[in-house]
Amino acid sequence: MCRLLRRFWPRVNRRDIEMEDRHSGPSEATEDRKPEDYGESANALWTLYGKEAENHDKALIETWRSDMEAIIIFAGLYSATLTSFLVDSYKNLQPDPAQETAFYGRQSALTLA
């Protein structure tokens, strides 16, 4: 906000804001103040600040949206690639029947001996 204030400070009447600061003490509640109490220069500043903040937020949201689209595309491609490797190697994940038969044969022989 300081950068924004310094950038647009010449457009604001400084004297109006300084007088507002002198007249409002720390004990005065800000909720009691009406928009008319601030003057046109402060209104112009906040209007300008609101527009700049809205533009900044829209740009930030658009950046996040494009990043999320890229992440979703990457996740989909990764999932498809991984699935193709798993389908191909699924037959290697099954136990070999010959090794199972040999294992159970040895267990039987040890039990009977």
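What you see is a predicted model, and the numbers here were worked out from it, not measured in a lab.

Q: How would you summarise the overall build of the protein chain if you had to cite specific residues and measurements?
A: Secondary structure assignment for the protein chain yields four helices and zero strands. For the protein chain, the succession of helices and strands along the chain, N to C, is α-α-α-α. Carbon and sulfur atoms form 60% of the exposed surface of the protein chain, whose accessible area is close to 10100 Å².

Q: Can you lay out helix H3 (residues 40-93) for me, pointing to particular residues and giving the numbers?
A: Look at H3: 76 Å from first C-alpha to last across 54 residues, which is about the 80 Å you get at 1.5 Å a residue. All of the buried residues along H3 are Ser 41, Ala 42, Leu 45 and Leu 48.

Q: Now, about the pattern of salt bridges: what can you tell me, with residues and values included?
A: For the structure shown, the criterion picks out two salt bridges. The partner of Glu 54 in a salt bridge is Lys 58, and the shortest N-O contact between them spans 3.4 Å. Of this pair, Glu 54 and Lys 58 are both found in helix H3, four residues apart, which corresponds to roughly one turn of the helix. Residue class for Lys 58 comes out exposed when judged on its relative accessible area of 52%. Glu 62 serves as the salt-bridge partner of Arg 65, at 3.2 Å between the closest nitrogen and oxygen. You can see Arg 65 and its partner Glu 62 sitting in helix H3, three residues apart, about one turn around the helix. With relative accessibility at 44%, the residue Glu 62 sits in the partly exposed group.

Q: Explain the packing of aromatic side chains residue by residue, including any values.
A: The final tally for this structure, using the stated rule, is three aromatic pairs. Taking the centre distance of 5.3 Å and the plane angle of 65° together, the rings of Phe 103 and Tyr 104 count as edge-to-face. A relative accessible area of 41% means that Phe 103 is categorised as partly exposed. Classification of Tyr 104 by relative accessible area gives exposed; the value is 52%.

Q: Mind laying out a nonpolar patch on the surface, listing which residues take part and the relevant values?
A: Together, Phe 74, Tyr 78, Leu 82 and Leu 86 line one region of the surface with nonpolar side chains, adding up to about 450 Å² of accessible area. Summarising the element assignment, Tyr 78 is placed in helix H3.

Rules and cut-offs
Residues numbered from 1 in each chain as written. Predicted model: local features only at pLDDT ≥ 70, side-chain atom pairs only at ≥ 80, totals over all residues. Heavy atoms only, no water. Helix = DSSP H or I, 4+ residues; strand = E, 2+ residues; numbered from the N terminus. Areas by Shrake-Rupley, 256 points an atom, 1.4 Å probe, with all protein chains shown as cover. Expected span 1.5 Å × (residues − 1). Buried < 20%, exposed > 50% of the residue type's maximum accessible area, 1.4 Å probe, protein only. Salt bridge = Lys/Arg side-chain N within 4 Å of Asp/Glu carboxyl O. Phe/Tyr/Trp six-rings, centres within 6.5 Å; stacked < 30°, edge-to-face > 60°. Patch = residues over 30% accessible without salt bridge, like charges linked within 9 Å, V, L, I, M, F, W, Y side chains within 5 Å.

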